[in-house]
Amino acid sequence: MTSRHAPPTSPGATRCQDVPVPATSRLSTEQLQGRACVACGEPLPAARVHRGVALVHDGGYALDFDVYSCPPSDGGAA
């Protein structure tokens, strides 16, 4: 079984941290809560990469969530 965020097998492979953050409406609860990668949806390890803030409107309230992606597979910096 291989992980969806395994090391790229070819030089042109896209890493999770390089994928644009999807629209907030397309993110799952786990992704909004920082427990799953915003690119591949896999559970995140402690060494995750901060990708930004997702803003969700709930009635008259604006809620912000930090969203993350998988860390680099090669051990390099994000």
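Remember, it's a predicted structure, so these values are computed and weren't measured experimentally.

**Some words on the overall build of the chain**
Reasoning step 1: Regarding its fold elements, the chain presents one helix and two strands.
Reasoning step 2: Secondary structure elements of the chain occur, N-terminal to C-terminal, as α-β-β.
Reasoning step 3: Across the 78 residues that make up the chain, the buried fraction comes to 24%.
Reasoning step 4: Within the chain, counting contacts between residues at least 6 apart in sequence, those at least 24 apart form 48% of the total.
Reasoning step 5: Surface accessibility of the chain: about 5,200 Å² in total, with carbon and sulfur atoms responsible for 52%.

**A closer look at the pairing of strand S2 (residues 61–69)**
Reasoning step 1: In this sheet, S2 lies alongside strand S1 (residues 49–58) in antiparallel orientation, the contact comprising nine bridges. In the strand pairing of S2, Leu55 is matched with Asp64.
Reasoning step 2: In this structure, the hairpin formed by S1 and S2 is closed by a connection of two residues, where Gly59 is found at a positive phi of approximately 65 degrees.

**A word on the nonpolar core**
Reasoning step 1: The biggest cluster of nonpolar side chains holds six residues, and these are Cys16, Cys37, Cys40, Leu44, Tyr68 and Cys70.
Reasoning step 2: Residue contacts for Leu44: discarding those within four places in its chain leaves Gly34, Arg35, Ala36, Cys37, Tyr68, Ser69 and Cys70.
Reasoning step 3: Membership of the second largest hydrophobic core comes to five residues, among which are Leu27, Val38, Ala54 and Val67.

**What to know about the pattern of salt bridges**
Reasoning step 1: Inspection of every chain in the model, using the stated rule, returns one salt bridge.
Reasoning step 2: The shortest N-O distance in the salt bridge between Arg15 and Asp18 comes to 3.2 Å.
Reasoning step 3: The exposure class assigned to Arg15 is partly exposed, which follows from its relative accessible area of 27%.

The rules we used
Residues numbered from 1 in each chain as written. Predicted model: local features only at pLDDT ≥ 70, side-chain atom pairs only at ≥ 80, totals over all residues. Heavy atoms only, no water. Helix = DSSP H or I, 4+ residues; strand = E, 2+ residues; numbered from the N terminus. Buried < 20%, exposed > 50% of the residue type's maximum accessible area, 1.4 Å probe, protein only. Contact = heavy atoms within 4.5 Å. Areas by Shrake-Rupley, 256 points an atom, 1.4 Å probe, with all protein chains shown as cover. Pairing = 2+ DSSP bridges. Core = buried A, V, L, I, M, F, W, Y, C linked by side-chain atoms within 4.5 Å. Salt bridge = Lys/Arg side-chain N within 4 Å of Asp/Glu carboxyl O.

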